[in-house]
Amino acid sequence: RATSNHKVKETVALELSYVNSNLQLLKEELEELNSSVDVYQNESESISVPMIPLGLKETKELDLLVPLKDLISEHYGEEGILFEKEIKEFMELRQAMRTPSRNEAGLELLMEYYNQLYFLDSRFFPPTKSLGVFFHWYDSLTGVPSHQRALAFEKGSVLFNIGALHTQIGARQDRASLPGLNQAIDAFQKAAGAFNYLKENFSNAPSLDMSAASLNMLVRLMIAQVQECVFEKMTLLRTQHDFLARLQLAQEAARVEDVYSLVHQTMTQAHVKDYVPFSWTTMVHVKSEHFKALSHYFAAIALCDCPVTSDAELPEQEKAFIQFHVTMPEGPSLRVLLQDPEERRKLGKAHLKKAIMKHEEAMRIHGLCKILRKMDILQEVLSFAHKRSLSKYSEIDHEEDFFETGDAPDIHPKTHQKPEIKSPNFSQVKVTDLFHRLGPLSVFSAKNKWYPARRVHLMRGENGFGFTLRGDSPVLIAGVIPGGCAAEAGLKEGDYIISVNGKDCKWSKHAEVVQLLKSTGEEGVEIGVITLQGSEGPKAADKKAAAMSSGGGLPKSNKENSRKSLMNSKSASTLLVWSKKSKRSKKSTYGIPFTAVGDNEAMY
């Protein structure tokens, strides 16, 4: 557009086409790297079907030193430089969180940082003002960068990485052993819980990996991988090879096929189709066909390898077989079918025919994907299952068979262990507020505003200082007696005592403040107080005190800084909304209501 010279235009167009083709090649290579399935697989000698793990979202370094120091000076009226140690400690935690180890310690590190974000949000993100820093994160699959000012984007990305790390831990387990299988099931269930929690609590994510459609697909994928592990667990546990055990295995395999079919449908929907790596979609499709084949194989084994049903076993086996097929097989009655070896062989042969067809379909789909073709383990598993079915078919096939093998009905999916979506347990990793020195969050938070701290000198009169106190951390002036020393010095109901004779009292208990006041001599006492904006006047002070004393229902031993239930966090973002309503507990004050003060017990 910048020139009318056709020759220049042609040259530029040619150069741009080269750039575009190079970008396309890079994009394909990046997709192959980011969607790699074999990176985090277990390294044991045993052959097991690979699982799909997720790569972690990457993020840029973030320098919070200046913005946080400025906000501490401006909002809290403290020297920002005095909090450099805490700010650097937070930044070091964030730096470490970028490269967590692929184990429980890595998960704890991510959880610790996520929990610290609750305090960062409460301390430094006012509802009406931005901190002015951008959080940069890259899409887990495409590497496309996104950035937002909203802390909710940071929280959501860390939560995504918690889920992704669980998938990597699950994929690397040795599933040839029962402990390995149980750990894989637990890891995939926790991954499903993290993605589901993210889907329910965040909306309008700027990156595709955190969109509702993608998260829904990831939850379903994790559930399918859990179901696959449950099937593998069944094959390990079912050492006996009786008729009913094999029917159960067939139904478990049908259940795995069922859930993978649902994942495949989800992956091929409009919003997800162009985003999900082709290798993932193919893998899920392959598994769907593979487990359908296995369900028919185990049905055939149950019919052909197990002894003919005796009269004593008939009622139990008849009951199980009625619910086994989606539609009843054509031919004789169940009683005849179960007790006639030839009828059992015929139906078994029909199931094997279908199993072989499905094995071949799984191998055909597998061959369409360049990335999966490189995976020897998957090729080996599919080939082994196919040969096993062919071998069984040739074993039961008689030369004199002139009947046409019928179409075996599908097997009814059923599982003995339903997958569970395990939501993240944020209280599992205990953290303390790094910015504890700023004071209790019930008062000293980003959402509250207060007038500059003032120092008041009080002399004890005949009736003491002339005010009543209530609560802990910080102690509240609940009432001021008209004409008393406190009233003349300008103290008001609703003021918070933050220091006594220069000693910081923001975190002090009621009894500690009282002791400091009582220990003053004739020279009087200097009290530092603050007044919250919007809380002036007796009614407002009463309301504030009432709200504080009724909040939360926590045990008395709980400290403000032990609160970290991050599902109650609230973001000021309009782009990425933290949708749960805040139920944050204010610091409980355990004082008697102001109206009930009738003697000198709470009066000083």
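What counts and how
One numbering rule holds for all chains: residues counted from 1, following each sequence as written. Predicted model: local features are reported for residues with pLDDT of at least 70 only, side-chain atom pairs are reported and counted for 80 or more only, and whole-chain, interface and lining totals are derived from all residues. Hydrogen atoms and water are omitted, and side-chain values are computed over all heavy atoms in the structure. UniProt positions are given in the numbering used here, feature names are shortened, and annotations may be inferred rather than shown by experiment. In this text, helices come from DSSP runs of H or I with a minimum length of four residues, and strands from runs of E with a minimum of two, each type numbered from the N-terminal end. Take the residue count of a helix, subtract one, and multiply by 1.5 Å to get its expected span. For every residue, the accessible area obtained with a 1.4 Å probe (protein chains only) is divided by the maximum for its type, and the residue is called buried under 20%, exposed over 50%, and partly exposed between those limits. Salt bridge, as used here, is a side-chain nitrogen of Lys or Arg placed within 4 Å of a carboxyl oxygen of Asp or Glu. Here an angle of 0 to 180 degrees is reported between the N-to-C directions of two axes, which are lines fitted to C-alpha atoms, with helices fitted over the stretch in contact. Note on terminology: angles under 35 degrees are roughly parallel, angles over 145 are roughly antiparallel, angles of 65 to 115 are roughly perpendicular, and the others are oblique. Throughout, a crossing is termed right-handed when the near helix is turned clockwise from the far one, and left-handed when it is turned anticlockwise from it by less than a right angle. The contact definition used throughout considers only heavy atoms, calling two residues in contact when any of these lie within 4.5 Å. For this scheme, ten residues count as nonpolar: Ala, Val, Leu, Ile, Met, Phe, Trp, Tyr, Cys and Pro. Four count as charged, namely Asp, Glu, Lys and Arg, and the remainder, Gly too, count as polar. Put simply, the grid is 1 Å and covers the protein atoms alone, a cavity is a trapped set of points that fit a 1.4 Å probe, a pocket is an open set with protein on both sides within 12 Å along at least five of seven lines, and lining residues have an atom within 4 Å of a point. Grid points are joined across faces, edges and corners, and a volume is the space filled by probe spheres set on the points. Only Phe, Tyr and Trp rings are paired, with Trp represented by its six-membered ring, and only when their centres lie within 6.5 Å; those with planes under 30 degrees apart are stacked, over 60 edge-to-face, the remainder tilted. Definition of nonpolar core: a set of buried residues of the types Ala, Val, Leu, Ile, Met, Phe, Trp, Tyr and Cys, connected through side-chain atoms within 4.5 Å. Each patch groups residues whose relative accessible area exceeds 30% and which form no salt bridge, using 9 Å between like charges and 5 Å between nonpolar side chains of Val, Leu, Ile, Met, Phe, Trp and Tyr. All accessibility values rest on the Shrake-Rupley procedure with a 1.4 Å probe; residue burial counts only the protein chains present in the view. Pairing between strands requires that DSSP locate at least two bridges from one strand to the other. pLDDT measures the predictor's confidence residue by residue and takes values from 0 up to 100. For each domain, the first and last residues come from an automatic or database assignment. Neither His nor the chain ends is counted toward charge; the positive residues are Lys and Arg and the negative residues Asp and Glu. Taken as the charge centre is NZ of Lys, CZ of Arg, CG of Asp or CD of Glu, depending on the residue.

An unreviewed UniProt entry annotates the chain as RHPN1 protein originating from Himantopus himantopus. Note on the chain: under the UniProt heading Sequence similarities (unreviewed entry), the record states "Belongs to the RHPN family."

Moving on: helix H8 (residues 243-267). Over its 25 residues, H8 extends 36 Å from the first C-alpha to the last, a length consistent with the 36 Å expected when each residue adds 1.5 Å. Burial within H8 is extensive, with 19 of its 25 residues counted as buried.

For side chains bearing opposite charge, pairing can occur when the charged atoms are close. Under the criterion given, the structure shown has 26 salt bridges. With its nearest N and O atoms 3.4 Å apart, the salt bridge here joins Asp258 to Arg255. In this pair, Asp258 and Arg255 are both assigned in helix H8, three residues apart and thus about one turn of the helix distant. On the basis of relative accessibility, which here comes to 35%, the residue Asp258 falls in the partly exposed class. Here the salt bridges do not stand alone but share partners, grouping Lys292, Lys354, Asp407 and Asp410 into one network.

A few words now on the packing of helix H4 (residues 104-124) against helix H5 (residues 151-171). Running from N to C, H4 and H5 cross one another at 165°; their axes reach a closest spacing of 10 Å. The orientation of H4 relative to H5 falls into the category roughly antiparallel. Judged by the sense of rotation from one axis to the other, the crossing of H4 with H5 is left-handed. Contact residues: Gly106, Leu107, Leu110, Met111, Tyr113, Tyr114, Leu117, Leu120 and Asp121 in H4; Leu151, Glu154, Lys155, Val158, Leu159, Asn161, Ile162, Leu165, His166 and Ile169 in H5. Split by residue class, the contact of H4 with H5 holds 13 nonpolar, three polar and three charged.

Further remarks concern the packing of H8 against helix H10 (residues 278-305). Axis separation between H8 and H10 bottoms out at 8 Å; the angle between their running directions is 160°. By the angle class used here, H8 and H10 are roughly antiparallel. Where H8 crosses over H10, the two elements pack in a sense that is left-handed. Taken together, the residues that form the contact of H8 with H10 break down as 19 nonpolar, six polar and five charged.

One pass over the structure, following the stated rule, counts two cavities of 30 Å³ or more. Within this model, the second largest cavity holds a volume of roughly 30 Å³. Together, Leu54, Ser140, Leu141, Phe160, Asp209, Met217, Leu218, Tyr275 and Trp280 line the second largest cavity.

Attention shifts here to the packing of aromatic side chains. Using the criterion set out here, one finds 17 aromatic pairs in the structure. Ring plane angle 85° and centroid distance 4.8 Å describe the contact between Phe124 and Phe435, whose orientation is recorded as edge-to-face. In this pair, Phe124 is assigned in helix H4 and Phe435 in the loop between helix H15 (376-396) and strand E4 (454-458), connecting sequence segments 311 residues apart. Through a chain of ring-to-ring contacts, three or more aromatic side chains come together here, namely Tyr76, Phe124, Phe435, Phe444 and Trp450.

It is worth spelling out the side chain of Lys392 at this point. Within the secondary structure, Lys392 sits in helix H15. If we ignore the near neighbours within four places in the chain, the residues touching Lys392 are Tyr297, Ile301, Asp305 and Leu352.

Looking now at the nonpolar core. Formed by 133 residues in total, the largest nonpolar core has its most connected members in Phe124 and Phe321. When sequence neighbours within four positions are dropped, the list of residues in contact with Phe321 reads Phe243, Leu247, Leu303, Leu334, Leu337, Leu338 and Leu347. Counting residues in each nonpolar core, the second largest holds 19 residues, with Val456, Leu458, Phe467 and Val529 among its members.

Right, let's talk about a nonpolar patch on the surface for a bit. A surface patch of nonpolar side chains, amounting to about 240 Å² of accessible area, comprises Val8, Val12 and Leu16. Along the chain, Leu16 falls in helix H1 (residues 6-34).

Counted residue by residue, strand E6 (residues 475-480) has six buried out of six residues, so it is predominantly covered. The antiparallel hairpin formed by strand E5 (residues 467-470) and E6 contains four residues in its connecting segment, where Gly471 sits at a positive phi of about 85°. Note: E6 against strand E7 (residues 496-500), two bridges, orientation antiparallel. Pairing of Leu476 across the sheet is with Tyr496, part of E7.

For the rest of this paragraph, the subject is the environment of Phe444. Take Phe444: it is sitting in the loop between H15 and E4. Judged by its relative accessible area of 4%, Phe444 is buried. In the structure, Phe444 is positioned 322 residues away from Ser122 in sequence and 9.0 Å away in space, judged by C-alpha atoms. Ignoring any residue separated from it by four or fewer positions in sequence, one finds Phe444 in contact with Tyr76, Arg123, Leu438, Gly439, Trp450, Pro474, Ile498, Lys506 and Ile530.

Taken residue by residue, the chain gives an average pLDDT of 82. The fraction at 70 or more is 82%. Mean pLDDT values for the elements of the chain range from 42 in strand E10 (residues 577-578) up to 96 in helix H6 (residues 178-201). In this model residues 537-601 is a low-confidence stretch, pLDDT under 50, and it forms 134 contacts with partners more than four residues away in sequence or in other chains.

This brings us to unusual backbone geometry. Of note, the amide linkage connecting Ser473 to Pro474 takes the cis form, showing an omega dihedral of -5°. As for its placement among the helices and strands, Pro474 is situated in the loop between E5 and E6. A positive phi angle is found at Ser473, which is not glycine, with a value near 40°. Take Ser473: it is sitting in the loop between E5 and E6. For Ser473, a relative accessible area of 3% puts it in the buried group.

The probe, sized like a water molecule, is rolled over the atoms to show the empty space still left. Within this model, the largest pocket holds a volume of roughly 630 Å³. Together, 30 residues line the largest pocket, and His75, Tyr76, Gly77, Glu78 and Trp450 are the ones closest to its centre. In terms of residue class, the lining of the largest pocket is built from 13 nonpolar, eight polar and nine charged. Composition of the lining of the largest pocket by domain shows at least three residues from each of domain 2 (36-223 + 427-438) and domain 4 (449-532).

Turning to a negative patch on the surface, a few remarks are in order. On the surface, a cluster of negative charge is contributed by Glu89, Glu92, Glu104, Glu108 and Glu112. When residues of the negative patch are traced back to their parent elements, those giving at least two are helix H3 (84-97) and H4. By relative accessible area, Glu112 is classed as partly exposed at 31%.

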